[in-house]
Amino acid sequence: MPATDNQRDRAHDDLQRAAREHLLLHFAKQSAAYAQPDAAPGTAAADDLLILARGEGPYVFDTTGKRYIDALSSLFCSQLGYGYGEEFAAAIGRQLRELPFNTNWNTAHPAAIRLAEALAARAPGDLNHVFFTNGGSESVEAMWKMACEYFRAIGQPERTKAIARKNAYHGVTLGALSFTGVAGFKDGFGTPPIDVTHVSNTNAFRDRREDEDEAAYCARLLDEIRDAVAAAGPDEVAVLIAEPVQNAGGCLVPPAGYWAGLRAICDEHGILLVSDSVICGFGRLGNWLGIEQEGVVPDMVTTAKGLTSAYVPGGAVFVGDSVAEGLFDPATVLRHGITFGGHPVMAAVALKNIEIFERDGVLENVRAREPHLRAGMESLRDLPIVGDVRGRGFFWAVELVKDADATRFDRAERDDLLRGFLPHALRGAGIIARADDRGDSVLQIAPPLIADPALLDEIVAGLRSVLVAAGERMGLAR
Ligand SMILES: Cc1ncc(COP(=O)(O)O)c(C=O)c1O
């Protein structure tokens, strides 16, 4: 029997209560996450916690029954949306009956082996080896440990430093946090254990000079990295890590030739090049590892999120032949392990995910629809609040500005716009997207990779209506 409105309201209220009393939210101001008692109805402060209870295709439904387009794929994870539960449940059921669990600590099981083999077959170049984790931060830390073991094995233990980029997010567990360059995220948690130099990211909208073409901008960014390597000591740098398209700051696309330049710098100095593809991998940019379009092969690639399309948690580090050779050195022990890394259920789900991607043409869908989404996003440039539009694949951002000179909103305006108005208006419009100002103010989307043109149009139309209202609120003339 379907629930009555009354029953649903009671269940909704009880979940709000139980969440407030017992559930600590990630990356959230706990005190502001719930409806404020004295808030005026219809305002952002009156919004209760968004509790999503059900998914269907690219849609999610909250506990009041309201439907949303999940235009963020649940934080860049739900590549397939929510319609494949039966298939994944069958794969999980088979695995649970056969072998619910075993580790990859000096033993193995068929699911992890078959998954490693399948991933290696789809990875570019010699990325033939896979180490499993449970998520992105674990992948980044496992990458670092493997890099260190490799350098010890080849007699270069003094390589203990890394280069990463400003404002990049590589995770927040204490090791991964060293690589993260977002201002303020490290404060108060002690000195980061890894010595990381943060260099400029690829924000052409803000940082490319007027007299620079794309090639000159790229050359300047690469020169800065050469200088950073020289300052750190070329023989002391182990790893250079970057995302193919940087998320924090709003889908920062690299200039042409940037990754070839990174590869050349790393080759010159014996540094390992790492692509952090936790977001960009598994179809987000229309290919497996999010790096193939750059025409270079990194030494390692960190992944998570889309590996399983988030039907269960999982992560993986892809390791190239030469690093693996170091790990196979007879004197080397890889002193790193995670009990649940490569869990059989995760492996069964990830294998099913690959099968579905190939059967249903998921990568092809992203590649075929990218021009359509690009055109839709670019059409938002006529709005005065939109200063820039950037992205690739199914991963896009608009940067929000105050005027035609791209003036930034100040702190109070950002609080109002990004933490008040936009979440409220997006919710009203039935769209899940991300308003963020870890760098400049941006609104981001990352639709499920199964989205068709009609859904993409609906998302763009929803963004337009929300951004028109945002512009009016901030006093911008049309
Ligand atoms: C590029 C990148 N690396 C690492 C991480 C950390 O992943 P997790 O939250 O699964 O630990 C994230 C998370 O969003 C990420 O975007």
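All values reported here derive from a predicted model rather than from experimental measurement.

Student: Hey, could you go over the sheet that holds strand 2 (residues 59-62) for me, with residue numbers and the actual values?
Tutor: Reading across from one edge, 1-2-3-13 is the order of the four strands in this open sheet, with mixed pairing throughout. Strand pairing shows two members of the sheet lacking a second neighbour, strand 1 (52-56) and strand 13 (431-432), which therefore form its edges. Judged from the two bridges that link them, strand 3 (residues 67-70) and strand 13 form a sheet pairing that is parallel. Its bridge partner being in strand 13, Ile69 is matched across the sheet by Ile431.

Student: Report on the site of the ligand, specifying residues and quantitative values.
Tutor: Around the ligand, a shell composed of 13 residues is seen, among which Gly135, Gly136, Ser137, Gly171 and Val278 lie nearest. Here the shell around the ligand gets three residues from one element, more than from any other, and that element is helix 5 (residues 136-153). For the shell around the ligand, the per-class residue count stands at five nonpolar, six polar and two charged.

Student: I'd like a description of the pairing of strand 8 (residues 272-276), backed by residues and values.
Tutor: Of all five residues in strand 8, five are buried; the element is thus mostly enclosed. Every second residue of strand 8 is oriented toward a common face, with Leu272, Val274 and Asp276 on one face and Leu273 and Ser275 on the other, all of them buried. For the handedness criterion, the β-α-β arrangement of strand 7 (residues 237-242), helix 9 (residues 258-269) and strand 8 is classed as right-handed. Here three bridges tie strand 8 to strand 9 (residues 300-303), and the two strands are oriented parallel to one another. Its bridge partner lying in strand 9, Asp276 is registered against Thr302.

Student: An account of the environment of Ala147 is requested, with residue identities and associated values reported.
Tutor: Its place among the elements puts Ala147 in helix 5. Residue class for Ala147 comes out buried when judged on the 24 C-beta atoms lying within 10 Å of it. Each C-alpha atom, one on Ala147 and one on Asp299, is 9.5 Å from the other, the two residues being 152 residues apart in sequence. Beyond its immediate chain neighbours, meaning those up to four positions away, Ala147 contacts Ala238, Val239 and Leu272.

Student: Just give me the short version of the packing of helix 4 (residues 110-122) against helix 11 (residues 344-359), but keep the residues and values in it.
Tutor: Helix-helix packing is characterised by the crossing angle of the two axes and by the distance between the axes. Here helix 4 crosses helix 11 at 35 degrees, and the two axes come no closer than 8 Å. When you trace helix 4 past helix 11, the crossing you get is left-handed. On helix 11, the residues touching Ala111, Ala112, Arg114, Leu115 and Ala118 of helix 4 are Pro344, Ala347, Ala348, Ala350, Leu351 and Ile354. Taken together, the residues of the contact of helix 4 with helix 11 break down into 10 nonpolar, no polar and one charged.

The rules behind each value
Residues numbered from 1 in each chain as written. Predicted model: local features only at pLDDT ≥ 70, side-chain atom pairs only at ≥ 80, totals over all residues. Pairing = 2+ DSSP bridges. Helix = DSSP H or I, 4+ residues; strand = E, 2+ residues; numbered from the N terminus. Near = placed C-beta within 6 Å. Nonpolar A, V, L, I, M, F, W, Y, C, P; charged D, E, K, R; others polar. Buried ≥ 20, exposed ≤ 12 C-beta atoms within 10 Å, placed from the backbone. Right-handed = clockwise from strand over helix to strand, strands pointing away. Contact = placed C-beta atoms within 7 Å. Axes fitted to C-alpha atoms, helices over the stretch in contact; angles between N-to-C directions. Left-handed = near helix turned anticlockwise from the far one by under 90°.

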